[in-house]
Amino acid sequence: MSTREGDAPLPTQFDPASIERTTYERWLAAGAFGATASASSRAGGERTPYTIVIPPPNVTDVLHMGHGLNNTVQDVVIRWRRMCGDVALWVPGTDHAGIATQNVVEKALAREGLTRFDLGREAFVARTTAWVDKTGGTILEQLEAIGASCDWSRTAYTLSPELSTAVREAFVQLHERGLVYRGHRVIHWCPRCLTSLSDEEAEHHETSGALYHVFYPLAGADDARAGITIATTRPETILADVAIAVHPADERYRALVGRSVLLPITGREIPVIADEYSDPAFGTGAVKITPAHDANDFEVGVRHGLAMPVVISPAGIMEEVADAEGRVPLEVRSLDRFVARERIVAMLRESGRLLKVEPHAHSVRRCYRCDTVVEPRLSDQWFVRMAPLAEPALAAVRNGEIRILPDRWEAVYVNWMENIRDWNISRQLWWGHRIPVWYCDACGADPIVRRQAPDGCPRCGGAVRQDEDVLDTWFSSWLWPFSTLGWPDENAADLRAFYPTDLLVTAPEILFFWVARMAMAGFAFMGRAPFHSIYLHGTVRDPSHRKMSKSLGNGIDPLDVVRLYGADALRYTVIAGMGMGADLVLDREDLEKSFTPGRNFTTKLWNIARFLLSNVEGSRVVPLAELPSARLTRADRWILDRLNAAIGECDAALGSAKPSGGVWPEADRYAGLRLNEYAEAARRFVWNELADWYVESAKPRLAPDAADGDIARSVLVHVFDQALRLLHPVVPFITETLWQRLPGRRVDDMLAVARWPERADYGGDGAQFELVREAVVALRQARAEYGVAPGAWVDAVLVPESERARETLADDAALIGRLARARVRLEAAGPAGNGAARATHALLSDGSHVAMPLAGAIDVEKECARLGAELAELSEQLTALGTRLASERFVSRAPAHVVEGERTKFRDWTARRDQLARKVASLCGTG
């Protein structure tokens, strides 16, 4: 079944492993994924640019199903736009992943009995760099296995010299605008990673904890019962309390404001202050103030000029680090904060100061990387002032310059932007972009913010030292849509040709970490949005609806799927199984079941191709455009009409590639990118219409002596060619392989860069073939309904409604008979008398009639007995169910959903009984 000289016949069985690697290498060798800047209309070329930047995976990552889903979506879109003639660029790359990568290397050091401090900063960075150089590109190599058509010549890395230049430029620019500042405030601190975290990196987790009610005696009071009770979830921080706050309007405590209470355990005196932060309705209405260990308390401390002692070390250990007042008793010094909590609770209980402990559900922040409980900690950090940056990015979503799909995430984006807080961007790590700030210890000059390291202090000429911290990893990745294209060089060819990008495909969980920040960065540094569409896909979950993850052990390795079933089976399964924003459910324990849709479809496609190639081999196939349309049969015109319809459905599901005039019109605001609907439209055409109907109808015409075999071959090749083009973005390997074998292909032809199908006028109407299909379907349904043996032939009577129907049914009677295994005859009227009673009847859409006499096809008496028994049983069950629903006792006492379920069942059973009664009446002549 070869179509080109030297081609081996297609094997009987589809073996993905035999084609995928060689196909991918052929694409790479031909530069099929490259995008030339000069071809872009923004750079004077003639083609529209279409750009996607990959969400850069961490250099520590290996491919998992989340990556498989995310990158398949991107690849489907970029292949579609490439075939549409755009200069389609998909920029790949990786993120240096500050915390994650440093953790990996530190764990390796720990196995050697070392810490990073044993190596020193320079040696540690060198070792981490070497590790990244050796293993950091693994995931990008793995993406090739699933067919990712990135322009690999543009592979970016957030810690590369080029992108590091962009990071320094962004920091300095923001500082020059007054949007970067150094602040002394309470931040989120991870005692495991030993670094600060942003609000988004300290994730809320609902926790079942305890609320401790602690009594603070009034200083100098004669009555031991005088004092204030507070409720706290963190008794270990009592040691850093500096005040008790009550609401100014709370009459219970008005007389105590200005007086002092004694701190339990240490006996220090602390003041009672009035502040509206205290909520009279929560707990006792009084709240302890610990400015160094709570962000809200910090604000109270600033307002009242309170001391801010720190009693918990960076590692989460109780230490005397604030002053010499004995804030941390010896009993709890050097204890882990949670061990210290238990010790302090015991001490409070022993002293009688712990009045009660009650269960309390509350939200606790945890590190997004290591899941350690985050510690609020007072420290000096660098911040970005976010409110001015958020304004244009918020407006862009509201006015349609940026759309978010699915649209339910738009409200989440807007809410976060409207309530945005300043971004803590400094991290106490060694791996990452060193903050471009220097200090002079000699003269104490203001921090020196430079793009390049200064030779010395500009004020005194003395030596300078660079800030020890590095920047938050997201500070480099928020520049990704333009730093990867050459910014800050505004004349960079790629920047001019491909910015702004078009589509961002990612997961909802990084909407704030990355997506919103990129929108802000685009306006801040480029003056416009970095993309016009944000596509937030669902999450890959197991059958219990748990998110797949390494920690749960429920994940699926995409490379295992590729080895077992092929990349196309994986790709088809994830695209066909994901609605807009819907989660994708897969079963690690049953990969065969999970990926059956993709495997079955690729197998079907392979078999269609084998049939087609076996029938066109050695024959000259005339291009369809060169054939006179008058020679086309009804079936030919029908399949060409269905091709047009399929192209239209695919185009509608994919939608517009770009907004009109830079803003999405209301009609298109949330339209398009319904990838599962696109995949289904293409599948349905190939499987249900091309294979199941046209190929079956065309088989006699493909015989060597058939009079119009040339027409059938031309139509079949043309339609299959177009079908492969429609399917290529979803299943690129198999479609490329099969397309290259079609007649007329040159050795250097590639489907990856072939034109996307367009609807065409084939000079005729194929609607009449629908009448033929309806007749076949009616007969097949009748056979199935009455249990006619698959190999048995039956009689069939066709009664045309019009002269045109008569002509159609007469011309294709043989085809109807072959496809329905029926002896077909046309009559002016259907069977009469007892023959009419013992026959099935179906009305076609134009009013024509199909009848199938059952005498001789089935044992009528036996079927009547079976149907009668089924009808009697169902009638009996309906009577019992009706009695139950008529019972006031049942309806009033049973749960509402149970009652409604029974009513639904009654309606369904009634419809089935009526259908059975009609069949009995028709077949058996009784009611």
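This text goes with the structure placed above it.
Here the structure is a predicted model, which is why all the values come from computation and not from measurement.

Each value, and the rule that gives it
Residues numbered from 1 in each chain as written. Predicted model: local features only at pLDDT ≥ 70, side-chain atom pairs only at ≥ 80, totals over all residues. Heavy atoms only, no water. Helix = DSSP H or I, 4+ residues; strand = E, 2+ residues; numbered from the N terminus. Buried < 20%, exposed > 50% of the residue type's maximum accessible area, 1.4 Å probe, protein only. Polar contact = N/O pair within 3.5 Å; in protein donor to acceptor, adjacent residues only side chain to side chain. Contact = heavy atoms within 4.5 Å. Axes fitted to C-alpha atoms, helices over the stretch in contact; angles between N-to-C directions. Parallel < 35°, antiparallel > 145°, perpendicular 65-115°, else oblique. Nonpolar A, V, L, I, M, F, W, Y, C, P; charged D, E, K, R; others polar. Pairing = 2+ DSSP bridges. Patch = residues over 30% accessible without salt bridge, like charges linked within 9 Å, V, L, I, M, F, W, Y side chains within 5 Å. Areas by Shrake-Rupley, 256 points an atom, 1.4 Å probe, with all protein chains shown as cover. Salt bridge = Lys/Arg side-chain N within 4 Å of Asp/Glu carboxyl O. Lys, Arg positive; Asp, Glu negative; His and termini not counted. Charge placed at Lys NZ, Arg CZ, Asp CG, Glu CD. 1 Å grid on protein atoms, 1.4 Å probe; cavity = no way out; pocket = protein on both sides within 12 Å on 5 of 7 lines; lining within 4 Å. Points joined across faces, edges and corners; volume = space filled by probe spheres on them.

A. Spotlight on the side chain of D95. By secondary structure assignment, the location of D95 is in the loop between β3 (93-94) and α3 (98-111). Given a relative accessible area of 4%, D95 falls into the buried group. At 2.7 Å, the side chain of D95 and the backbone nitrogen of A97 are in polar contact. Residues within four places of D95 in sequence aside, it is in contact with P56, P57, N58, V59, Y157, T158, T473 and S477.

B. Local environment of the packing of helix α10 (residues 387-398) against helix α15 (residues 511-526). Across the interface, α10 lies against α15 with an axial gap of 8 Å and an inter-helix angle of 110 degrees. With respect to α15, the axis of α10 lies roughly perpendicular. Touching L389, A390, P392, A393 and A396 of α10 are A519, M520, F523 and A524, all from α15. Partitioned by chemical class, the residues of the contact of α10 with α15 number nine nonpolar, no polar and no charged.

C. A look at the sheet that holds strand β5 (residues 180-190). Read from one edge of the open sheet, four strands run β6-β5-β14-β16, paired in antiparallel fashion. In this open sheet, the two edge strands, each paired with only one partner strand, are β6 (195-197) and β16 (423-424).

D. Inspection of a positive patch on the surface at higher detail. Where like charges cluster on the molecular surface, the positive patch consists of K107, R111, R192 and K550. Along the chain, the position of R111 falls in helix α3. Overall, the relative accessible area of 68% leaves R111 in the exposed class.

E. Looking closely at the sheet that holds strand β12 (residues 286-289). Pairing in this open sheet of four strands is mixed, and the strands run β10-β11-β9-β12 from one edge to the other. The open sheet has two edge strands, β10 (260-262) and β12, and neither has a second partner. When strand polarity is set aside, the average angle formed by the axes of neighbouring strands in this sheet is 35 degrees. In the sheet, strand β9 (residues 243-246) pairs with strand β11 (residues 269-274) via three bridges, with the strands oriented parallel. Within β11, the residue paired with I244 across the bridge is V272.

F. Structural detail: empty space enclosed by the protein. Applying the stated criterion across every chain yields a total of three cavities of 30 Å³ or more. Within this model, the largest cavity holds a volume of roughly 50 Å³. As for the largest cavity, its lining consists of 13 residues, of which G98, I99, R427, L429 and T473 are closest to the centre. Of all elements in the fold, only α3 and β21 (470-471) reach the threshold of two or more residues within the lining of the largest cavity. Taken together, the residues of the lining of the largest cavity break down into six nonpolar, four polar and three charged. There is about 40 Å³ of room inside the second largest cavity. Lining the second largest cavity are Y50, W80, R403, L503, H532, S533, L654, S656, A657 and L673. Grouping the constituent residues of the lining of the second largest cavity by class yields six nonpolar, three polar and one charged.

G. Summary view of the pairing of β11. Strand direction decides the pairing type here: β10 and β11, joined by three bridges, are antiparallel. By the bridge assignment for β11, V261 is matched with I270.

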